[in-house]
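# Observations on the model geometry
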Amino acid sequence: MQSRIIFAVWAAFVAGAAHAALFDDAEARKQIVQLRNQVEARQKSIEERLSAIDARLGQLDSSGQNRVVDLAQLIESLKQDVAKLRGLIEVLANQTETLERRQKDLYVDLDNRLRRLEQTQSQLQDKMSQGERNAAAEKQAYELALNQFKLGNYQLAITSFQNFMTNFSSSELVPSAQYWIGNAYYAMRDYKSAIAAQQKVVKLWPENPKAPDALLNIASSQAELGESTAARETLRSLVKRYPSSPASEQAKQRLAQKK
């Protein structure tokens, strides 16, 4: 969805640039048409004057000295008009060439922009696909490790969760993986390892929802080791630090039973 939005924004940008350039070309074409009309008008004027010259030549006689002077003036004027006409034709040719060059440059620019846009879209799609694949692999690895714990394969669960934490070190599930490692040690009655594992949860991720549960598991491990005083201190710390957590309610119940 994100790549489609980015593609739509870029396409609108390219279309806008094309519209602006084409608008400029339309103005240029309008000027060329006006210039062409001027050229045609000049040509018509010259043709009319040539016709007048032919008419006067036909009327000349032996007494037409004054008419010869008029004719010479007309010819000079005609030469000036021809020179102007040549200039207009040259300007028209230059403007036509400029317009064609601008159109070519416009299409080349649009083609380059579209190519870059296609490359950007392709890269975004590749990144999204890679991200989706990574998320699927992360979820699968975590669930496989958790299933080993549920099946009672605690040592295999520990190894699987440790591999998960190595392969997906930036995952949001890393604190949970560490918590289940502590639980697996507790299930294996390795209480010291369980305490050490759960202390990492509390120290590294104190704001994570698993932190209160980790403290509760630490208290249970201390009780199993016969460290009653330490267990009560851990339960009090749990109630104080996480008073609204479900683990806090269990801690209160245990403290009430030990009075």
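What comes next is a walk through the structure. (Residues numbered from 1 in each chain as written. Predicted model: local features only at pLDDT ≥ 70, side-chain atom pairs only at ≥ 80, totals over all residues. Heavy atoms only, no water.)

## A closer look at the overall build of the protein chain
Cut-off, in case you're wondering: Strands are runs of DSSP state E lasting at least two residues, helices are runs of H or I lasting at least four, and both sets are numbered from the N terminus onward. A simple rule labels every residue: compare its accessible area, found with a 1.4 Å probe on the protein chains alone, to the largest value its type can have, and call it buried under 20%, exposed over 50%, or partly exposed in between. Here, Shrake-Rupley sampling with a 1.4 Å probe gives the accessible areas, and only protein chains in the shown set may cover a residue.
A count of helical and extended segments in the protein chain gives eight helices and zero strands. Ordering the α and β elements of the protein chain from the N terminus gives α-α-α-α-α-α-α-α. The proportion of buried residues among the 259 residues of the protein chain is 31%. In the structure as shown, the protein chain presents an accessible area of about 17100 Å², 51% of it carried by carbon and sulfur atoms.

## Quick look at the nonpolar core
Let me state the cut-off plainly: Side-chain atoms within 4.5 Å link the members of a nonpolar core, which is a set of buried Ala, Val, Leu, Ile, Met, Phe, Trp, Tyr and Cys residues. The contact criterion used is simple: two residues touch if any of their non-hydrogen atoms lie within 4.5 Å.
With 35 residues, the main nonpolar core has Tyr 142, Phe 161, Trp 180, Ile 181 and Leu 238 as its most contacted residues. Mapped onto this core, the elements with two or more residues apiece are α2 (65–150), α3 (154–167), α4 (174–187), α5 (191–204), α6 (210–224), α7 (228–241) and α8 (246–257). Tallying contributions element by element places α4 first for this core, with seven residues. If we ignore the near neighbours within four places in the chain, the residues touching Tyr 142 are Phe 161, Phe 164, Leu 173, Ser 176, Ala 177 and Trp 180.

## Some thoughts on the environment of Ile 89
Here Ile 89 shows up in helix α2. Overall, Ile 89 belongs to the partly exposed group, its relative accessible area being 40%. For Ile 89 and Arg 36, which are 53 residues apart along the polypeptide, the C-alpha to C-alpha distance reads 8.1 Å.

## Topic: the environment of Ala 157
Position of Ala 157 among the secondary structure elements: in helix α3. On the basis of relative accessible area, Ala 157 is assigned to the buried category, the value being 0%. As a C-alpha pair, Ala 157 and Trp 180 span 23 residues in sequence and 8.3 Å in three-dimensional space.

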